[in-house]
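As a plain string of letters, each chain reads:
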Amino acid sequence: VAQTGNKLEDEFRDFVAARSTALLRTAYLLSGDWGAAEDLLQIALTKTYLAWRRLGRIEAVEPYARRVLVNVATSWWRRRWHGERPTAVLPEQAVADGLDARLERDALWRRVKELPARQRAVLVLRFFEDLSEVDTAALLGVSVGTVKSQCARALATLRGRLGEDGIEPAARRGDIAAAVRGGRGTEMQ
Amino acid sequence: MTMLEDALRETFAGQVAHVPAVLDPAGTAIRQARALRRRQQAVAGTALALAVTLVVSGAWWARSAAGTGRSPEPMAGAAAGLPADQPGMGPVEAAPAEPPSSAPSPPSGSALKLDLFNGSTILTADGRGLPIADVAAGTSVDRVPDGWLYTSASARTRLLRADGRSVDVGIDGEQFVVSADGTRVAWMAARPAGQPTLKLAELTGDVVRDVVSTPVPAGTSPVALVDGRVMVASKQGYDYWDPSQLIFKPTWNSTVREVFGQYGDLAVATVDAVPSGSDSKPGGCLALLSLAGDGLHDTRQTCQPIALSGQLPNVLSPTGRWLAIANGRGAQLVDLSTVFDRTSGTSCVFPSNVEGMAWEDDGHLVVRTSSGWRRCTTDAVVTSVDTTARAADSWTLVSRSG
């Protein structure tokens, strides 16, 4: 029994060594805060370790950990305090021409963090994890239509808010029709 | 593919280009998982015990009804306390099962003055529920003057403020101990990796100040704060660190078995019985230890038959005068102001096994039993405790510092 336990623990440590950095990146994009990301990662890893024997195949482990990460992040966000967050660096102010790519990315990131947790999770899974709509839907436990509508709604919100910031990136020339089409999807719970 | 989607890809990639190092996430997860399993097993055991109790009670009820031809008395929920001057304060024996109808109902008590914790929410004594979103599995919670200290899932110690907001107070570690007045905290720092570091600081509001630290041998952990010094334990035994000495120089005392906290400027502990002592007991002896320049030394010791190894951690009252020891259905209250001179102390007996206990103040111990909450006074009077309907069996008592 002890040998089985040690083997299990060794396998788990190998998995964490190989994948924890990638999971931490996703956790940060979901939470927008490195401290919260570390908390998310630890919760996901603890639950994964508890489920390790049941998961059986190593190929099943990472999707499970990622699913825990996303689900905790989205349910967590609803309960967390949403007030002022300390930041080590003051947000950069836009300069006169407003076209610098770095400033656009900063503004975009600020606006992404303002999105509802589910919408942000969809964006992270689609555009950071590069998951397909089908895989994103499977991971979130929702329909493909819901993924499409949430994604379109998030993109439309971002376009609108970037416009309010006075930023006119090429992004605003995006496919508005996609947002209209996506709006017919099923709402997420 | 829109330009906004491309911008998102670039933004996401740029945000996570530099990832901070996380110290031993696998080890932390394994520890937390084990603690969670232990907790779940304890809850499952409690549920099983409760089920057995219900079955036995039901069988007794059926027998009683059949034998007498009338309905039995409703089951009373408490037992009487023992007299305060009970001679020979020995281990509390499990009282034989009595017909429930013969047990007197406990005097009704006042509301619980302690907070409760169920692993994710603190139920305050005034009835508020405060969720902790990022709590580590199996963590303990300590009430301090400005909130509750707990370990977060990222192995840092955080403060949940009274307004429900969780803040990072600057404690970069998960093994923490709090002084009896709640104003000082000691912990093992998570960094630097490979160099175990013990830290001590003042806890003022929601931030720690005047942090001092020392390197310590691997395997060292803080166990209590006594008179401004940090009691530490390792496989070599117990010792203390005096922050005025800057660097910890170990003088481990291997005869010390366990340290419970502070009484006056001394540490309350159990120590190995003296081998030649006629009154030595296998369970060890109760002792008060002085923290002198060259280590820990007994100043007072008693080996009278106190069952010091209960099934739960022994708990000291806020001033350190009383030590509560749980054994089966009883709790011994040892008076440290007199126990080294004569046999003294009291005991309370409850209707079922003790599953948790904490002091409300120096005169009142609250006990969670498998059949409900009870309050035991230092005069050995047992009363019931009014708790809210939400305080189910899975809630644990939160000890208070300060």
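Residues numbered from 1 in each chain as written. Chains lettered and ligands numbered in written order. Predicted model: local features only at pLDDT ≥ 70, side-chain atom pairs only at ≥ 80, totals over all residues. Heavy atoms only, no water.

1. What to know about the interface of chain A and chain B
In step 1: Facing the 44 residues of chain A at the interface are 37 residues of chain B.
In step 2: Between chain A and chain B the total buried area reaches about 3700 Å² when both faces are included, carbon and sulfur atoms providing 70% of it.
In step 3: Looking only at chain A, the three residues that lose the most surface to chain B are A:Gln42, A:Leu50 and A:Phe127, adding up to 17% of its buried area.
In step 4: Our count for the contact surface shared by chain A and chain B stands at two salt bridges. (Contact = heavy atoms within 4.5 Å. Buried area = accessible area lost by both parts, 1.4 Å probe. Salt bridge = Lys/Arg side-chain N within 4 Å of Asp/Glu carboxyl O.)

2. What to know about the state of the cysteines
Residue and element names in this part refer to chain B.
In step 1: One pass over the structure, following the stated rule, counts two disulfides over all chains.
In step 2: For Cys 285, the disulfide goes to Cys 303, at an S-S distance of 1.9 Å. The S-S bond linking Cys 285 to Cys 303 shows a torsion near 100 degrees; that makes this disulfide right-handed. With Cys 285 in strand 17 (residues 285-292) and Cys 303 in the loop between strand 18 (295-302) and strand 19 (315-316), this pair connects stretches of sequence that are 18 residues apart. Note on accessibility: Cys 285 and Cys 303 belong to one class, buried.
In step 3: Here Cys 348 connects covalently by a disulfide to Cys 376, the sulfurs 2.0 Å from one another. Of note, the bridge from Cys 348 to Cys 376 carries an S-S torsion of about 80 degrees and is right-handed in sense. Of this pair, Cys 348 sits in strand 22 (residues 346-349) while Cys 376 sits in strand 25 (residues 372-377), and the two are 28 residues apart along the sequence. (Disulfide = S-S within 2.5 Å. Helix = DSSP H or I, 4+ residues; strand = E, 2+ residues; numbered from the N terminus. Buried < 20%, exposed > 50% of the residue type's maximum accessible area, 1.4 Å probe, protein only.)

3. Topic: the side chain of A:Thr46
In step 1: In this structure, A:Thr46 sits in helix 2 (residues 34-55).
In step 2: Residue classification places A:Thr46 among the buried positions, given a relative accessible area of 5%.
In step 3: For A:Thr46, the contacting residues outside a window of four places in its chain are B:Ala29, B:Gln32 and B:Ala33.

4. A closer look at the confidence of the model for chain B
Residue and element names in this part refer to chain B.
In step 1: Looking at chain B as a whole, its pLDDT mean stands at 76, while 75% of the residues score no less than 70.
In step 2: Every residue in residues 45-106 scores below 50 in pLDDT, and together they form 69 contacts with partners more than four places removed in sequence or on other chains.
In step 3: Of the regions scoring below 50 in pLDDT, residues 276-281 engages in seven contacts with residues more than four places distant in sequence or in other chains.
In step 4: Across the interfaces of the predicted complex, the ipTM metric reaches 0.78, alongside a pTM of 0.53. (pLDDT = per-residue confidence, 0-100.)

5. Overview of the sheet that holds strand 21 (residues 330-335) of chain B
All names here are of chain B.
In step 1: One open sheet holds the four strands; their spatial order is 19-20-21-22, and the pairing between them is antiparallel. Two strands close off the open sheet at either side, each with one partner strand: strand 19 and strand 22.
In step 2: Pairing geometry for strand 21 and strand 22, over four bridges, is antiparallel. Within strand 22, the residue paired with Ala 331 across the bridge is Cys 348. (Pairing = 2+ DSSP bridges.)

6. As for the nonpolar core
In step 1: A:Phe12, A:Phe15, A:Leu45, A:Leu123, A:Leu158, B:Leu8 and B:Phe12 are the most contacted members of the largest nonpolar core, which has 58 residues in total.
In step 2: Sequence-distant contacts of A:Leu123, that is, excluding residues within four places in its chain, are made with A:Leu115, A:Phe128, A:Cys151, A:Ala154, A:Leu155, A:Leu158, B:Leu8 and B:Phe12.
In step 3: The next biggest cluster of nonpolar side chains, apart from the first, holds 18 residues, and it includes B:Tyr240, B:Ala269, B:Val271 and B:Cys303. (Core = buried A, V, L, I, M, F, W, Y, C linked by side-chain atoms within 4.5 Å.)

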